[in-house]
Protein chains: 2
Amino acid sequence: MTAPLQPLLSPRSIAVIGASDHIHKIGGRPIHYMKTHGYAGTLYPVNPQRDAIQGLRAYPTLDALPEVPELAIIIVAGEAAVQAVHDCARLGVAAAIVIASGFGEAGAEGRRQQVEMVRAARASGLRLVGPNSQGLANFGSGAIASFSTMFIEVPPQDGPVAVVSQSGGVAAIVYGLLRGQGIGVRHMHATGNQADITVSELALAVAHDPGVRLVLLYLESLSDPEVLAEAARVARARNVPIVAVKAGRSQDGQRAAASHTGAIANEDRAVDAFLARHGIWRVDDAHALARCAPMYLRGWDAGGRRLVVVSNSGASCVMAADAAPSFGLTLAPLSDATQAALAERLPGFAATANPVDVTAALLTNSALFGEVLPVVARDPAADLFLLDIPVSGMGYDVPRFARDAAAFADTAGKPIAVAVWQQPVAEAFREAGVPTYANAAEALSAFSQLVSHQQRLRQIAAEGEPLLPARPAQPAIAAAGATLSEAASLARLAAAGMPVVEHYVCRNVDAAVAAWQRIGAPVAVKASSPQVPHKSEHGLVALHCNDPEAVASAFAAQTRTLQAMGATCEGVVVARMSRGQRECMIGAHWDPVFGAVLVVGDGGKYVEVLRDTAVLLAPCRPADVARALDGLRIAPLLHGVRGEPPVDIAALCRLAVQVGDMVHNAGGAILSVDLNPVMVNGDGVVVVDALIEEARHASH
Amino acid sequence: MTAPLQPLLSPRSIAVIGASDHIHKIGGRPIHYMKTHGYAGTLYPVNPQRDAIQGLRAYPTLDALPEVPELAIIIVAGEAAVQAVHDCARLGVAAAIVIASGFGEAGAEGRRQQVEMVRAARASGLRLVGPNSQGLANFGSGAIASFSTMFIEVPPQDGPVAVVSQSGGVAAIVYGLLRGQGIGVRHMHATGNQADITVSELALAVAHDPGVRLVLLYLESLSDPEVLAEAARVARARNVPIVAVKAGRSQDGQRAAASHTGAIANEDRAVDAFLARHGIWRVDDAHALARCAPMYLRGWDAGGRRLVVVSNSGASCVMAADAAPSFGLTLAPLSDATQAALAERLPGFAATANPVDVTAALLTNSALFGEVLPVVARDPAADLFLLDIPVSGMGYDVPRFARDAAAFADTAGKPIAVAVWQQPVAEAFREAGVPTYANAAEALSAFSQLVSHQQRLRQIAAEGEPLLPARPAQPAIAAAGATLSEAASLARLAAAGMPVVEHYVCRNVDAAVAAWQRIGAPVAVKASSPQVPHKSEHGLVALHCNDPEAVASAFAAQTRTLQAMGATCEGVVVARMSRGQRECMIGAHWDPVFGAVLVVGDGGKYVEVLRDTAVLLAPCRPADVARALDGLRIAPLLHGVRGEPPVDIAALCRLAVQVGDMVHNAGGAILSVDLNPVMVNGDGVVVVDALIEEARHASH
């Protein structure tokens, strides 16, 4: 089997269209890099002005080459770039990288040119990276089709990390930060406008590379979640973690992304749900992308969240203990035996409980770290080790500390990190292969990510592969949808087997009174009209009606109001007044990228204000919903507090799954379903209010 | 007037007891530092083994000196240190610093010795720093009575910052981080066990120093809030910001602090309230202490929270826009005129809306930053400027960028920060005097702190000096308090003029029924017993009683239950059933350090679970309570949402102030007051349930 995207990642021959003799020009750098870092294939500089470039024979045109190159790097800009794509397509070049910007991200003419390039490429099977791309670099094959200046700032070194980014800047930052930590980088790819090839597709390709053990992604828009899901599946199978930034979280961010790479906005909480579902860890920025890399690469399996802190500063012990809970970590309670063993090794005034304060005695006894670490490592309560060394330097045997920490890291099999802000000291630990951070907060953040990410990956392994998101069968629906009436919405839910409140649709006052009699308890009277989805704001809901007069007067008032509004009246719904131990909400809507998106949470009239909801992708399992509910502020109330019994969480989860399935199976025909409140009791759930919005039919 | 603590900060003569000839020993370093950094007073090494130390004449004992030194640095340990304190006291030395550890933080014998030192010092007026102290260093006077090795790692330079810390380690870290940014440090003091002199007292002293423009504090325990409040007052008057870490936030942190400096735990939310009240900004760790220093020192007055981002990386623009909201910042909407002016200067595909993406064109046009910054600075919507340069280095005119940024910082008068992770690039900006951060998140965090801190200081200036906290008139009350019955609690509140629900205390069933008749509406019947404060858990509350039978049967059942429990029965309280648009809670309790602590928030039965409360110190003003309420999750509900009217926030604030005053004025005699729920409506508030706990009387 050929490796995916082989013509881009390991091409046998490369043409550089717009090649330059100057190694610091964009057209010169890729050639210079490939000559320097051992590209084994054939390089063809294309430049009509010169016979030779950087010592290689140059050709005036693509047509003049002795063979059709596998890859073309198109340095030339504007219309010349479009022409070069046409040439590549005509000649049967397998892949091309368009470097120039000024296309899809910059106005109508640029968009037109971008569309033309894609059309030409698709017609001939040519795969396209860019435009507006910094290029791709594979230090495994030496195919460095990139003009990044960062390779000059920080020399490359092949290694286990793949960086795939829509932005060349982010690729360069992450590469630089990793290399600064001594970590080797195999892939550093930037996709730019993604007219054809996306971050997802390259992520899938690098996930197949046996040399890759960590994949770091930067995305501004996500249009092919099914490809990224497949990349995640391949990576999980190989035990390769994926960490991603998906930028454009805020409105301002989405606007900036649109003008940067022409990105289409994604619904951010759906992005969260998508990434979590597939075990891709989401972080916020380029620095956070690089932060956890040293820990992942050690291959540690973090067993739990119980932290041991060892420091030569008592105050750092206190501050680390303070910080631990905000990263979801607890301090491991060391056993009496461990503490006794520590007491033998530490001065009398040192603290042997966790945090372990070896005190300034470290200055006179350089063996302390080496003696203390193996002792705490044996304690079964200890999962993670923070070695916080805020004060050292001259007079301290730093090389020995680094050796001791490295020996510990190699033998203990449990994650360790060192926090040290003094550069030369940090360097000693880094060179010894110990993950090193500028301060405790960064180290604890990395620990927390490692543990949580591994926990999620174990969940996926235990529960089976995540259900795949629905790929929308149709393009985004631009027109507004059509709202169903209360009566029609409830009927639809009941037909789907969902537990709906006992109710009767009544066309006249006698029917309404009869319904009240049948229910035999206080009722709610609600006008039913497709034009008035939000009834209570118009006084179209009467609660606690408990005699014929109240029912009749509500009927009369509501029909009058609807008439005055000029709205269709489908009668009134007379429904049993239902109470719940809790009022929850369940909603689902159709997203053009992710398909059915499910929202569950605290319900009632303040749902928009108190915003205690969780988002999942449908279809999903009851266990997924249960986990989402456990992240809510109201979670303790669902499980029962102050002597109250728990509510029927299982029924709530089943209903949520049904709602998600309903929208999923409709494949875009249902735009949204909104159930609020859903009354939740100890023995089941009841939908009291419902609103369904369908994609508008052609007849409308 | 003598400067406060002058014998410690600018002594005319210093004896070093336990002086060493070796400049890297603890007894040698202070002498070496003072000789190197120009201490102008007289140094007296004391060492019975030597005639001369580091070229100075040495003396065998303190008694042998030609004069009584103003300050003694006591290097010797254990019993010898205790003896040295006795000697200093006997001779009339003004101040002494005890360096050795192993006293109050380490067992009974150490505590006894510490008490003995303090007793001897107090008897003669000798002021004591330590024990377990790294010492004090004043680079203004050259009195470097400190053995910190950090002065060797990073050479000192007198400057505008004072660092006062209970921990020598933290003092050293903050000093090192500041010096690494090229910032000069005047004071670096470590107080250790604080047997006598505290961080508060030194903070007050350095706040008086005319050379100090920023005070950074690290505390593990706070026992003298009135002194720190006075330091804050002096600093505010001089426009000197104070930033503080108060460690021991978590239980584990408090335990670690106890074994580090023998710290007594403070109630952490009360610490928050105390620091906020006095305009001291609280941060979490040593790195955060140093982070905002460059901005404070520029003397910028941040007008608002509207951010402008300028970058040569489009992705960094997107990520900064995404990050801004999490720091409470918004992107400034640039005017059309500004954008037009930017368009003239930037390449066609660059983004002229905020964030401003100058693109990789910066590589070929080094003037871009210098041209763009003055244009955006003129826009009235812009308050803060982030210059994010994640990609540069060779080929970029970094010195010019730094000059342009510095010129902007000097002339614009608005805060600017540069985010750059490449060390040499960062150095260029730092040397030019521009606040420089490793990444955008850190810069935005510093901006946010600057703006919020200045806003709080302006509030204090506008509203007048904060009311001073009550200094507890008596030591902490160890014994548990005595709970008042419901009836007695309500009576106490009513007597203090608080709005209490209409209720009657009824000793027999006839009285209960009569009370129901008088109220003329559904009532609640609640057993009243001082032994059963939590009635509903024992079935001692009957709600919605609306006929004589219900009232009578509740009375009978409740008195029977109390009897079975063996609890005193003070009758039942028959109270009007009261409803509120919201149910809130107000509580106050007596803290041995801070006096009356007030808690306000969302009420009802889930108050412990949903935890939506704010903490203030009493006495306070209604405006303080209103501000605290505005920080709650339920704040929008109080102000009215979805067409609801606002509740009577003013009445709620008045009641909270009354409750705080009640506990404050009792001066420790009332341990706690707990009102939950307080029914809050559009036209007032009503206390429905109350529980008061008093300090137990001697007769109990």
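Conventions and cut-offs
- Residues numbered from 1 in each chain as written.
- Chains lettered and ligands numbered in written order.
- Predicted model: local features only at pLDDT ≥ 70, side-chain atom pairs only at ≥ 80, totals over all residues.
- Heavy atoms only, no water.
- pLDDT = per-residue confidence, 0-100.
- Pairing = 2+ DSSP bridges.
- Helix = DSSP H or I, 4+ residues; strand = E, 2+ residues; numbered from the N terminus.
- Axes fitted to C-alpha atoms, helices over the stretch in contact; angles between N-to-C directions.
- Phe/Tyr/Trp six-rings, centres within 6.5 Å; stacked < 30°, edge-to-face > 60°.
- Buried < 20%, exposed > 50% of the residue type's maximum accessible area, 1.4 Å probe, protein only.
- Lys NZ or Arg CZ within 6 Å of the ring centre and 35° of its normal.
- Contact = heavy atoms within 4.5 Å.
- Buried area = accessible area lost by both parts, 1.4 Å probe.
- Salt bridge = Lys/Arg side-chain N within 4 Å of Asp/Glu carboxyl O.
- Polar contact = N/O pair within 3.5 Å; in protein donor to acceptor, adjacent residues only side chain to side chain.
- Nonpolar A, V, L, I, M, F, W, Y, C, P; charged D, E, K, R; others polar.
- Domains from an automatic or database assignment.
- UniProt positions renumbered as here; feature names shortened; annotations may be inferred.
- Expected span 1.5 Å × (residues − 1).
- Left-handed = near helix turned anticlockwise from the far one by under 90°.
- Arc of directions from axis to C-beta.
- Least-squares fit on C-alpha atoms with pLDDT ≥ 70 in both.
- Parallel < 35°, antiparallel > 145°, perpendicular 65-115°, else oblique.

Turning our eyes to something else, we now look at the confidence of the model for chain A. Overall, the prediction assigns chain A a mean pLDDT of 92, with 97% of residues at 70 or greater. At the level of chain-chain contacts, confidence expressed as ipTM amounts to 0.93, with global pTM at 0.94.

This part takes up the sheet that holds strand β2 (residues 42–46) of chain A. Residue and element names in this part refer to chain A. Pairing in this open sheet of five strands is parallel, and the strands run β2-β1-β5-β6-β7 from one edge to the other. Only two strands of the sheet have a single partner each, and these edge strands are β2 and β7 (127–129). Between one strand axis and the next, the sheet turns through 20° on average, direction left out of account. Sheet topology places strand β1 (residues 13–17) next to β2; five bridges connect them, and they run parallel. Its bridge partner being in β2, I17 is matched across the sheet by V46.

Each aromatic ring pair is summarised here by two numbers: the centre-to-centre distance and the angle between the ring planes. Residue and element names in this part refer to chain B. Summed over the entire model, instances satisfying the criterion amount to 18 aromatic pairs over all chains. Plain terms: the ring middles of Y33 and F151 are 5.1 Å apart, the flat faces sit at 80° to each other, and that makes the pair edge-to-face. Here Y33 is found in helix α2 (residues 29–36), whereas its partner F151 is found in helix α5 (residues 150–153), with 118 residues between them in sequence. When sorted by exposure, Y33 lands in the same class as F151, which is buried. Above the ring of Y504, the side-chain terminus of R518 is found at 4.4 Å from the ring centroid.

Right, let's get into the interface of chain A and chain B. Counting from both sides, the interface comprises 78 residues of chain A and, opposite them, 78 residues of chain B. With both sides pooled, the region where chain A packs onto chain B buries about 5,800 Å², and carbon together with sulfur makes up 63% of that total. Seen at the junction of chain A and chain B, the total is two salt bridges. If you look at where chain A meets chain B, you find 20 residue pairs in polar contact (both at pLDDT 80 or more). Those elements giving two or more residues to the side of chain A that touches chain B turn out to be α5 (150–153), α6 (168–180), α9 (251–261), α11 (286–291), α13 (314–323), α18 (440–463), α22 (607–610) and α24 (635–639) of chain A. It is α13 of chain A that provides the largest number of residues to the side of chain A that touches chain B, a total of eight residues. Among the residues forming the side of chain A that touches chain B, the class breakdown is 39 nonpolar, 21 polar and 18 charged.

Per the domain assignment, the segments making up chain A are domain 1 (1–147), domain 2 (296–463), domain 3 (502–576) and domain 4 (582–694). Centre-to-centre, using C-alpha coordinates, domain 3 of chain A lies 26 Å away from domain 4 of chain A.

Moving on to the UniProt feature "domain: CoA-binding" (unreviewed entry) in chain A. UniProt's feature table lists "domain: CoA-binding" (unreviewed entry) at residues 8–103 of chain A, given in the numbering used throughout. With 25% helix and 23% strand, the stretch residues 8–103 of chain A has end C-alpha atoms that lie 21 Å from each other.

What follows is about helix α6 (residues 168–180) of chain B. Residue and element names in this part refer to chain B. Helix length check: α6, at 13 residues, gives a terminal C-alpha distance of 18 Å against a target of 18 Å (1.5 Å per residue), a fit within 8%. With twelve of 13 residues buried, α6 lies mostly within the body of the structure. By the N-cap criterion, in which a side-chain oxygen at the helix start approaches the backbone nitrogen of a residue two or three places on, α6 is capped by S167, the distance to G169 being 3.1 Å. Positive backbone phi, approximately 80°, marks G182, located one or two places after α6.

This part takes up unusual backbone geometry. When glycine is set aside, most residues are seen to have a negative phi, and most peptide bonds are trans. Going from N354 of chain A to P355 of chain A, the amide bond is cis rather than trans, its omega being 0°. Residue position: P355 of chain A is located in the loop between α14 (336–345) and β17 (356–357). Residue P131 of chain B follows G130 of chain B across a cis peptide bond; omega there is -5°. Within the secondary structure layout, P131 of chain B lies in the loop between β7 (127–129) and β8 (135–138). At N132 of chain A, a position not held by glycine, the phi torsion is positive, near 65°. Unusually for a residue other than glycine, H544 of chain B sits at a positive phi of about 60°. You can see H544 of chain B is positioned in strand β24 (residues 541–545). When its relative accessible area of 55% is taken as the criterion, H544 of chain B is described as exposed.

Turning our attention to the pattern of salt bridges. Pairing of side chains with opposite charge becomes possible as their charged atoms draw close. In this structure the tally under the stated criterion is 68 salt bridges over all chains. D410 of chain A serves as the salt-bridge partner of R298 of chain A, at 2.8 Å between the closest nitrogen and oxygen. Placement of R298 of chain A in the loop between α12 (293–297) and β15 (306–311) and of D410 of chain A in helix α16 (residues 398–412) is noted, with a sequence separation of 112 residues between them. In this structure D410 of chain A comes out as exposed when scored by relative accessible area, which is 57%. With its nearest N and O atoms 2.8 Å apart, the salt bridge here joins D268 of chain B to R282 of chain B. Note that D268 of chain B is positioned in helix α10 (residues 268–277) and R282 of chain B in strand β14 (residues 281–283), a separation of 14 residues in sequence. For D268 of chain B, a relative accessible area of 18% corresponds to the buried category. Through salt bridges with shared partners, a single ionic network connects E79, E109, R112 and E116 of chain A.

A few words now on the sheet that holds β14 of chain B. All names here are of chain B. Strand order in the open sheet made by the seven strands is β9-β8-β11-β10-β12-β13-β14, with mixed pairing throughout. Every other strand in the sheet has two partners, leaving β9 (143–146) and β14 as the edge strands with one partner each. The sheet shows a mean angle of 15° between the axes of neighbouring strands, taken without regard to direction. The pairing of strand β10 (residues 161–165) with strand β12 (residues 214–219) spans five bridges and is classified as parallel. When the sheet's bridge partners are listed, V164 is paired in β12 with L217.

What follows covers the packing of helix α16 (residues 398–412) of chain B against helix α17 (residues 423–431) of chain B. Helix-helix packing is characterised by the crossing angle of the two axes and by the distance between the axes. Residue and element names in this part refer to chain B. α17 packs onto α16 with a crossing angle of 35° between their chain directions and a minimal axis gap of 8 Å. Here α16 runs over α17; the crossing is right-handed. For the pair formed by α16 and α17, the contact residues are V398, F401, A402 and A405 on the first element and V425, A428 and F429 on the second. Residues of the contact of α16 with α17, tallied by class, amount to seven nonpolar, no polar and no charged.

All names here are of chain A. As for its placement among the helices and strands, H503 is situated in strand β22 (residues 503–506). Within polar-contact distance, the side chain of H503 engages the backbone oxygen of V501 at 2.8 Å. Once residues within four sequence positions are removed from consideration, H503 is found in contact with L490, V573, V574 and A575.

Our focus in this paragraph is helix α17 (residues 423–431) of chain A. Residues and elements named next belong to chain A. Listing the buried residues of α17 in full gives V425, A426, F429 and R430. Relative to the axis of α17, the buried residues are bounded by an arc of 140° and lie together on one face. Residues of α17 that are exposed and point more than 90 degrees away from the buried face comprise P424 and E431. Contact partners of the buried residues in α17: α6, α16, β19 (416–419) and β20 (436–437).

The next thing to look at is the relation of the copies chain A and chain B. Overlay of chain A on chain B (RMSD 0.0 Å): rotation 180°, translation along the axis 0.0 Å. Such a combination of rotation and displacement between the chain copies is what one expects of a two-fold axis. Both copies share a contact surface, since 100% of the interface residues of chain A are interface residues in chain B too.

Residues and elements named next belong to chain B. At a minimum axis separation of 9 Å, helix α15 (residues 368–377) and α16 run at an interaxial angle of 20°. Put simply, α15 runs roughly parallel to α16. Once α15 is placed against α16, the crossing between them reads as right-handed. Two secondary-structure elements touch here, α15 through F369, G370, L373, P374 and A377 and α16 through F401, D404, A405, F408 and A412. Residue composition of the contact of α15 with α16, by class: eight nonpolar, one polar and one charged.

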